[in-house]
Each structure stands twice: as structure tokens, then as C-alpha cells.
Amino acid sequence: MNQLPLAIQGGAPTFLAGPPKWPVADDAIGKSIDQALVSGEWGIYEGELTARLHQQLQSEFQLDHSLLCSSGTISVELALRGVGVKAGDEVVLSAYDFPGNFRSIEAIGAVPVLVDVVANGWVMDHEKVVAAISKETSAILVSHLHGQAAEVDAIAEICRPRGIKIVEDVCQSPGGRHQGKMLGLRGDVATFSFGGSKLLTAGRGGAILSNDEAMIQRAKIFAHRGNDAFPLSQIQAALLLPQLKKLQVRNQRRQQSALKIADAVNRLSALSSVTRSAYEDSTGSFYKLPVLLDANSSIDRATFLDVIQAEGVALDIGFRGFAKRSKRRCRRVGSLSNAISAAENTMLLHHPILLTDDDQIERLIDAIERCYRYCLNTCLET
Ligand SMILES: *Cc1c(COP(=O)(O)O)cnc(C)c1O
């Protein structure tokens, strides 16, 4: 007999009282804020703290120039403007991506062009890119999503000879490495988010980084209207500085937990996740760990999520994707079947659990397995 999830039996969730909290406020952050208060730096528009943040971001992410801004969403728009995207241009992006990315292209008056993602994955399929390019294409927006790295080198081989600029969206994956190389170094500019749920957080905030100083300058000219229209404050910088120092250690721990959970998920026939082999010379930066439900499974995604959320597990649906957006708003390339499938079948585990201890991870795996068996059984009965 399979053990029922206790929450379904009317008992308390077995797994946790609730998902672990994020962000974790620690002494280093407290001290940093205290220093900003005592020195009066918190009342200054730009000062020592924002200057140190520029410096630390540049050294951590190995890029020479940066612009701080108010969100990841505006960082994407500033990056697109910085590389020269204008009204009427086309910008290629994945049909499965962060919803705001579509809007950031539209905000410039440019037209989103949708390409498919890889099969059973979440990042752009580089083999679909050539077919997406027209003479109006000025840039391509490539996101590293759910711990999976996009093949930006292959995309660059197509785009560079044609003068098409590459914006790498690193909002979900700061500090991640692909084939030994830091994410954000293969494109023309990298975008970062410091939103409340993100791996580096000031509640709000963002940045763009690039080796192209002129590109950063163009973005800055757009953002500065006598004053900075999309600023990141000194107090936000004070929050971020201590977190940057912990990013690599935390990314390693998150990857360790993520791969352990993914191994367990991959043993369940109707579910799959990332595979360990993809991380041999890469480091995933796991803002979300993806869990894909087999499209042919008898398990219903909404039911599975209800059951597992009742157990206190922070698993939720993935992005809705853009494949159903009106043809007046975008141009589609091919059937987009992988992106449609990703939108229908993806579930995402929120990252805070990944920093907990082995015991919690074992209990999480146990909860996933129990809920899975419970759903399989109830689906068979009905
Ligand atoms: C969160 C996110 C953004 C936007 O960042 P905000 O700070 O929330 O505006 C952009 N792209 C991706 C891939 C994201 O996950």
C-alpha cells in the first residue's frame, strides 16, 4: 500500500511547516545596513556603496562596465536600447520565457519574434534561430532559465556575422557557468535582477554588465533624464554587497541539492528534471529547479500541484509562454511545439529549499515521491 500524503488524510503537512523563508537576513547584511545608516550614505543618490557594488559586480561577473537600475525588467529594456534596438526592429526571443521580456521588446516599439526552445527543456533552440532572422532583426534576447544554460556560442556564430546583437538574460542564473565559462560573457550584454525572490536580492533592483562601454553609455543616456529615472539606491547596494560574497558558495550548495532532487525526480516515470551529465563542467545557478510532467501521463498538473503544495512544498507552474499571443503582436517561427509543451507541463521548485540541509532535501524527495504515487493511484481509480 502506498502511504497517502498526510495533508490529504486531513493531517498536518509532513514535510515542513511551510517553505523556508527568503531572503535570509544575516549578520553581514545587518552590519552593512548599520554602516550605511551611521555614515549617512543611505541618504546619498550615488556614493561609496553604489561604487563598491559596480566594482564587485564587475569582478564577480568578469565584465568591465555596468549600469545599476531598478529591476530586472528594466535591465532587459535598457540592454536592448543599449545595443541599439529601435522602433520597428525585430527582436528574437524564446516562445517560453519570462513574461516581461516580451513586453520589454514592445516597450521600445520593436516586434518580438518567437523561436522554439529545445525539446524537454526551457532554453532557446539555436538550430531554430537562422529561420527567425529577417532584415529587420537587430537583436536576440537569450535567457538562461531554471538552471539550464542556453547555447549562446552557437547562437553567436549565427548572429555575429549578421551584425545582430545578443542580450543574455542572466536574471535567474547569476554566477552560473556553462562549459567552464561564466554566463553573461558570450553575448554583448548581460542583464541581472535583484528582485525579492531572486538569488541576489535587494527586494527590487537590477543591473546590466558589458565589456562594450559605448553600449552601457547609450543605455545610461536613455535612463538619465536630468536624474536617474530607474535608480538603484545606496541602501539597496548595502543589502547586495554581502550577498555577492556568498553567491558562489550558495550556488554550489543549491546545485548539489538540485541534482539530488533531479536524480530522484528522473526515477519517476511520468516526471523528469535536469540531468547530472549537463553539469559536469557547468555550474547551474538554480533560481528554480524545473520538473517536467510527461505530456502523456495520466497525472494532471493542477492536481499534482494541489497535493504537493498541501505538503508545504513550494512547487508551482512554470511560465505560460507566448505561443498563443496575437499574431498582430509578434511573428512566430515554426510550430513552437516544444515551447507549448514546456508551458503546459513545467513545474518549478522555488530555490530556498535548496540551501537547507541533507535531511530536509531527503524529506522533500520523500514528499515528491509520496504525492506522485498518490496522484498515480487516484488517477487510475477515476
Ligand atoms: C525575474 C526575471 C526578470 C525580471 O526581473 P525583475 O527584477 O523581477 O523585474 C527578467 N528575466 C528573467 C528570466 C527573470 O527570471
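Just so it is clear, the model here is predicted, and its values are computed rather than measured.

(A) Region of the structure containing the overall build of the protein chain. A tally of regular secondary structure across the protein chain gives 10 helices and 14 strands. Relative to the compact-globule value of 21 Å for 382 residues, the protein chain shows a C-alpha radius of gyration of 21 Å, a close match. Principal-axis analysis of the C-alpha atoms gives the protein chain an extent of 70 × 55 × 35 Å. In the protein chain, which comprises 382 residues, the share counted as buried stands at 54%. In the protein chain, of all internal contacts separated by at least 6 residues, the share reaching a separation of at least 24 is 72%. Here the protein chain has roughly 16,300 Å² of accessible surface; of this, 50% comes from carbon and sulfur atoms.

(B) Quick peek at the sheet that holds strand E10 (residues 271-272). Spatially, E10-E11-E14-E12 is the arrangement adopted by the 4 strands of the open sheet, whose pairing is antiparallel. A strand with exactly one partner marks an edge of an open sheet, and here the two such strands are E10 and strand E12 (315-317). Two elements, E10 and strand E11 (residues 288-293), share 2 bridges in a ladder whose sense is antiparallel. Residue pairing for E11: Leu271 is matched across the bridge by Leu293. Of the strands in this sheet, E10, E11, E12 and strand E14 (346-350) touch helix H8 (residues 301-310), which is tilted by about 155° from E12.

(C) How the structure looks around the domain arrangement of the protein chain. Segmenting the protein chain into domains produces domain 1 (27-243) and domain 2 (248-381). Computed from C-alpha coordinates alone, the two centres of domain 1 and domain 2 are separated by 25 Å. Facing 46 residues of domain 1, the contacting portion of domain 2 comprises 36 residues. Seen at the junction of domain 1 and domain 2, the total is 2 salt bridges. One salt bridge in this structure joins Glu106 and Arg329, with 2.9 Å as the shortest N-O distance. Scanning the region where domain 1 abuts domain 2 turns up 25 residue pairs in polar contact (both at pLDDT 80 or more).

(D) Broad picture of the site of the ligand. Around the ligand, the structure places Ser71, Gly72, Thr73, Phe98, Asn101, Leu145, Asp169, Cys171, Gln172, Ser193, Lys198 and Gly205. In the environment of the ligand, an oxygen atom lies 2.8 Å from a nitrogen or oxygen atom belonging to the backbone of Gly72. A distance of 2.7 Å is found between a nitrogen atom of the ligand and a side-chain nitrogen or oxygen belonging to Asp169. In isolation the ligand exposes 380 Å². Once the protein is present, 91% of that is buried. Residue composition of the shell around the ligand, by class: 3 nonpolar, 7 polar and 2 charged.

(E) Here's a closer look at the packing of aromatic side chains. Applying the stated criterion to the full structure yields 6 aromatic pairs. For the ring pair Tyr96 and Phe319, a centre distance of 5.5 Å and an interplane angle of 45° mean the geometry is tilted. Of the two residues, Tyr96 is situated in the loop between strand E2 (90-94) and helix H4 (99-107) and Phe319 in the loop between E12 and strand E13 (331-332); the sequence distance between them amounts to 223 residues. The burial state of Tyr96 is the same as that of Phe319; both residues are buried. Clustering of aromatic rings is evident, with ring pairs tying together Tyr96, Phe98 and Phe319. The ring centre of Phe222 lies 4.9 Å from the NZ or CZ of Arg225, which sits over that ring. Lys288 extends its terminal NZ or CZ atom over the ring of Tyr287, reaching a point 5.0 Å from the ring centre.

(F) Examining unusual backbone geometry more closely. Here the bond from Trp22 into Pro23 is cis, since omega is 0°, no more than 30 degrees from zero. Here Pro23 lies in the segment before helix H1 (27-39). Even without a glycine there, the phi angle at His146 is positive, about 55°. You can see His146 is positioned in the loop between strand E4 (137-143) and helix H5 (152-159). Judged by its relative accessible area of 0%, His146 is buried.

(G) Highlighting the state of the cysteines. Applying the stated criterion to the full structure yields 0 disulfides. No disulfide involves Cys171; its sulfur sits 8.6 Å from that of Cys69, the nearest cysteine.

(H) A look at the pattern of salt bridges. Counted under the stated rule, the structure contains 19 salt bridges. Between Asp89 and Lys86 there is a salt bridge, with the nearest N and O atoms lying 3.8 Å from each other. The exposure class assigned to Asp89 is buried, which follows from its relative accessible area of 10%. Judged by its relative accessible area of 52%, Lys86 falls in the exposed class. Residues Glu106 and Arg103 are paired through a salt bridge, measuring 3.9 Å at the closest nitrogen-oxygen approach. In this pair, Glu106 and Arg103 are both assigned in helix H4, 3 residues apart and thus about one turn of the helix distant. Beyond isolated ion pairs, a larger network of salt bridges with shared partners links Arg253, Lys260, Asp358 and Glu362.

(I) Fine view of the packing of H1 against helix H7 (residues 234-266). It is the contact of H1 with H7, at a shortest axis distance of 9 Å, that shows an interaxial angle of 150°. Here H1 runs over H7; the crossing is right-handed. Two secondary-structure elements touch here, H1 through Ala28, Ile29, Ser32, Ile33 and Ala36 and H7 through Ile235, Ala238, Leu239, Pro242, Gln243 and Lys246. The residue makeup of the contact of H1 with H7, split by class, is 8 nonpolar, 2 polar and 1 charged.

Criteria and cut-off values
Residues numbered from 1 in each chain as written. Predicted model: local features only at pLDDT ≥ 70, side-chain atom pairs only at ≥ 80, totals over all residues. Heavy atoms only, no water. Helix = DSSP H or I, 4+ residues; strand = E, 2+ residues; numbered from the N terminus. Rg over C-alpha atoms; globule rule 2.2 N^0.38 Å. Buried < 20%, exposed > 50% of the residue type's maximum accessible area, 1.4 Å probe, protein only. Contact = heavy atoms within 4.5 Å. Areas by Shrake-Rupley, 256 points an atom, 1.4 Å probe, with all protein chains shown as cover. Pairing = 2+ DSSP bridges. Axes fitted to C-alpha atoms, helices over the stretch in contact; angles between N-to-C directions. Domains from an automatic or database assignment. Salt bridge = Lys/Arg side-chain N within 4 Å of Asp/Glu carboxyl O. Polar contact = N/O pair within 3.5 Å; in protein donor to acceptor, adjacent residues only side chain to side chain. Near = heavy atom within 4 Å. Nonpolar A, V, L, I, M, F, W, Y, C, P; charged D, E, K, R; others polar. Phe/Tyr/Trp six-rings, centres within 6.5 Å; stacked < 30°, edge-to-face > 60°. Lys NZ or Arg CZ within 6 Å of the ring centre and 35° of its normal. Disulfide = S-S within 2.5 Å. Left-handed = near helix turned anticlockwise from the far one by under 90°.

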